Amino acid sequence: MRAWEVDHHGEPAAVLRLVEKEAPAPGPGQIRLRVRATGIGLPDVLMCRGTYPMTPNLPFTPGQEVVGEVTGVGADVDLALGMRVMATTLFPTGFGGFAEETLASGDGAYPAPPGLSDADAAGFWIPHFTAWVGLVNRGQVRAGEWLAVLGAAGGSGSAAVQVGRALGARVIAVAGGDEKLHYCRELGAEFVVDHRVGPVKDALRDITGGNNVHVIYDPVGGAAAADAMRAIASEGRFLVIGFASGEWPALDARRLLGRNFSAVGVFPSAYGRDAFDEIYNGLCGLVARGEIRSTVDEIVPFDELPTALERIASREILGKLVLGPA
């Protein structure tokens, strides 16, 4: 089979190689998938660089989320061959989705929602699952609360804008540039803030009439997080999602105390199958009711993966990119 492989660390265009290799054999509890589409994200860039927390040992194939057809099952897996599923790959062991076939946990595979195409479903599960865990399970967002989403035009942020809106929150999307702000409005953000224009904290305070925001969804970290954090309300929740800026947010215990707010970690993998089932059903309901839509902006030809990852690294992307089949 054809697969993209990283054999040393560096920028994606420099370290990705298109290779021929044997299709993997599923072990106990695992499934093999013929890949129909693969979500492309910033973690794949970071894996190429060797800076992602779950970067596999070299050599490896990146690609976290896929939609594919089940072509093989290991012991203790009750899934039919030919079934169309979306799944998180076994990328930490080197078997990612940027290949003709890959491996996934049978317990973590779900039927792709019938209302989503292969490409849409491939870019759906991780961003929207993370948004649900952050906003529902961890952030406990309530209707009418102010929700600020940082990096709102990216794959993670755009999912949070939609889920937050569906929960009844008053969503403020923070992004850079007119094109990204327009995109956020189309997703349903009630207000938008251009972080390039001035301090985000001032804009958030103005929008909320000086009351500040109840919840901040932060997949960015760094200076952006520090800026927005100064506009969080008493008893607010600052949701730590990721570090797209290259730096985790700096959390000052004295500020947490003085401002009377909480910093809340959001780690979706901490949940078991029962919670996954509940979230899957909730997200499928939102899709069926038309309350969330695909955030996939482009389907990238298989041979153009390195260029696509370089575009993500330079923050040129709106929403989500998806890699087409080999």
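What comes next concerns the included structure. Nothing here was measured: the structure is a model prediction, and the numbers come from that model. (Residues numbered from 1 in each chain as written. Predicted model: local features only at pLDDT ≥ 70, side-chain atom pairs only at ≥ 80, totals over all residues. Heavy atoms only, no water.)

### Description of the overall build of the protein chain
Reasoning step 1: Scanning the protein chain from N- to C-terminus turns up 11 helices and 15 strands.
Reasoning step 2: For 326 residues, the compact-globule estimate of 2.2 N^0.38 gives 20 Å, and the C-alpha radius of gyration of the protein chain, at 19 Å, lies within 12% of that figure.
Reasoning step 3: In terms of overall dimensions, the protein chain has a C-alpha envelope of 60 × 40 × 35 Å along the principal axes.
Reasoning step 4: Relative to its 326 residues, the protein chain shows a buried fraction of 54%.
Reasoning step 5: Restricting to contacts in the protein chain with at least 6 residues of sequence separation, those with at least 24 account for 69%.
Reasoning step 6: For the protein chain, the exposed area adds up to about 13,500 Å²; of that, 50% sits on carbon and sulfur atoms.
Reasoning step 7: A distance of 6 Å separates the average location of the 28 positive side-chain charges in the protein chain from that of its 38 negative side-chain charges. (Helix = DSSP H or I, 4+ residues; strand = E, 2+ residues; numbered from the N terminus. Rg over C-alpha atoms; globule rule 2.2 N^0.38 Å. Buried < 20%, exposed > 50% of the residue type's maximum accessible area, 1.4 Å probe, protein only. Contact = heavy atoms within 4.5 Å. Areas by Shrake-Rupley, 256 points an atom, 1.4 Å probe, with all protein chains shown as cover. Lys, Arg positive; Asp, Glu negative; His and termini not counted. Charge placed at Lys NZ, Arg CZ, Asp CG, Glu CD.)

### Brief notes about helix 6 (residues 178-187)
Reasoning step 1: Taken together, the buried positions of helix 6 are occupied by Lys180, Leu181, Tyr183, Cys184 and Leu187. Projected down its long axis, helix 6 carries its buried residues within an arc of 160°, all on one side. Exposed residues on helix 6 whose side chains face more than 90 degrees from its buried face are Asp178 and Glu179.
Reasoning step 2: If you follow the buried residues of helix 6, they end up packed against helix 5 (155-166), strand 9 (170-175) and strand 10 (191-194).
Reasoning step 3: Backbone geometry just after helix 6 places glycine 188 at a positive phi near 115°. (Arc of directions from axis to C-beta.)

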